[in-house]
Amino acid sequence: MPDITNAKINREQEEILFLDGVHPDHQTQATYGWIQTGVQIAIKTTAKQPRIHYLGAIAVKEDKIEHITQSYDKINGEAVVNFLAKIANKLSHKKKIHIILDNAGYHKCKEVKEYLEQHPKIQLHYLPPYSPNLKKGKSPPLVRGSSLLFLPLSTMSFWVAY
């Protein structure tokens, strides 16, 4: 896996994306509360809702953030391959596509590896398993506590939603 941390990226021919999966749960959940001992109270809830799964990727441009998203019934190797194909199709004019992502099992499974062997223009770059320097608590004071991450790439610095 090539290291692009200090590489010079030709933005006309190459693209850098940050990819992640999310699995929001929109159920009513009582996490805490105050109630007199011995008293029971019913909490109104919605009917069981299906879980939502999304794969998303963002590309940080000089003046904007472009994104690609897709919802899935579940995220597995097949979904990741489908999403990588969607990215490759959208960025077919690029010679190289660098994708930075975490170490989720579905990002490294057999189906993904086979797809990448057939599509060498896509290169995956995995974040280290333990990388506190890339977490928002270590970001510059300007954004500490917000949902931004500072990650230096190439000769430029990017602000990326985290």
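Residues numbered from 1 in each chain as written. Predicted model: local features only at pLDDT ≥ 70, side-chain atom pairs only at ≥ 80, totals over all residues. Heavy atoms only, no water.

Considering the side chain of E15
We count it as follows: Per the convention used, a helix needs a DSSP run of H or I reaching at least four residues, while a strand needs a run of E reaching at least two, with both numbered from the N terminus. Think of it in three bands: with a 1.4 Å probe and only protein chains considered, a residue is buried below 20% of the maximum accessible area for its type, exposed above 50%, and partly exposed in between. Counting of polar contacts relies on pairs of N or O atoms within 3.5 Å, with two restrictions inside protein: one atom must be capable of donating a hydrogen and the other of accepting it, and residues adjacent in sequence are counted only when both atoms are side-chain atoms.
On the secondary structure map, E15 appears in strand 1 (residues 14-22). With a relative accessible area of 2%, E15 lands in the buried category. A distance of 2.9 Å separates polar atoms of two side chains, one belonging to E15 and the other to K61.

Some points on the nonpolar core
Worth spelling out the cut-off: To form a nonpolar core, buried Ala, Val, Leu, Ile, Met, Phe, Trp, Tyr and Cys residues must be joined to one another through side-chain atoms within 4.5 Å. Residues are treated as being in contact if the distance between any of their heavy atoms lies within 4.5 Å.
With 27 residues, the main nonpolar core has L19, L84, I87, I99 and I122 as its most contacted residues. Within the residue set of this core, elements represented by two or more residues are strand 1, strand 2 (53-60), strand 3 (65-72), helix 1 (77-90), strand 4 (96-101), helix 2 (110-118) and strand 5 (122-126). Counting residues per element, this core draws most heavily on helix 1, at 7 residues. L19 has contacts with L55, G56, A57, F83, L84, I87, I99, I100, L101, D102 and H107, leaving out every residue within four places of it along the chain.

Points about helix 2
Since there are 3.6 residues in each turn of an α-helix, residues three or four apart along the chain are aligned in direction. We apply this condition: Of all possible arcs, the one meant is that of the directions from the helix axis to the C-beta atoms.
Turning to helix 2, its buried residues are V112, Y115 and L116. Angularly, the buried residues of helix 2 cover 100° about the axis, an arc narrow enough to put them on a single face. Of the exposed residues in helix 2, those oriented more than 90 degrees away from the buried face are K110, K113, E117 and Q118. Tucked into the core, helix 2 has its buried residues touching helix 1 and strand 5.

Here's the deal with the pattern of salt bridges
Formally: A side-chain nitrogen of Lys or Arg and a carboxyl oxygen of Asp or Glu constitute a salt bridge if their distance falls within 4 Å.
Counting across every chain of the model gives 4 salt bridges. Ionic pairing is found between E15 and K61, a salt bridge with its closest N-O pair at 2.9 Å. Note that E15 is positioned in strand 1 and K61 in the loop between strand 2 and strand 3, a separation of 46 residues in sequence. Linking K94 and E15 is a salt bridge whose minimum nitrogen-to-oxygen distance equals 3.6 Å. Here K94, found in the loop between helix 1 and strand 4, pairs with E15, found in strand 1; they are 79 residues apart in sequence, far enough to count as distant. With respect to burial, K94 and E15 carry one shared label: buried. Because the salt bridges share partners, they merge into one network encompassing E15, K61, K64, E66 and K94.

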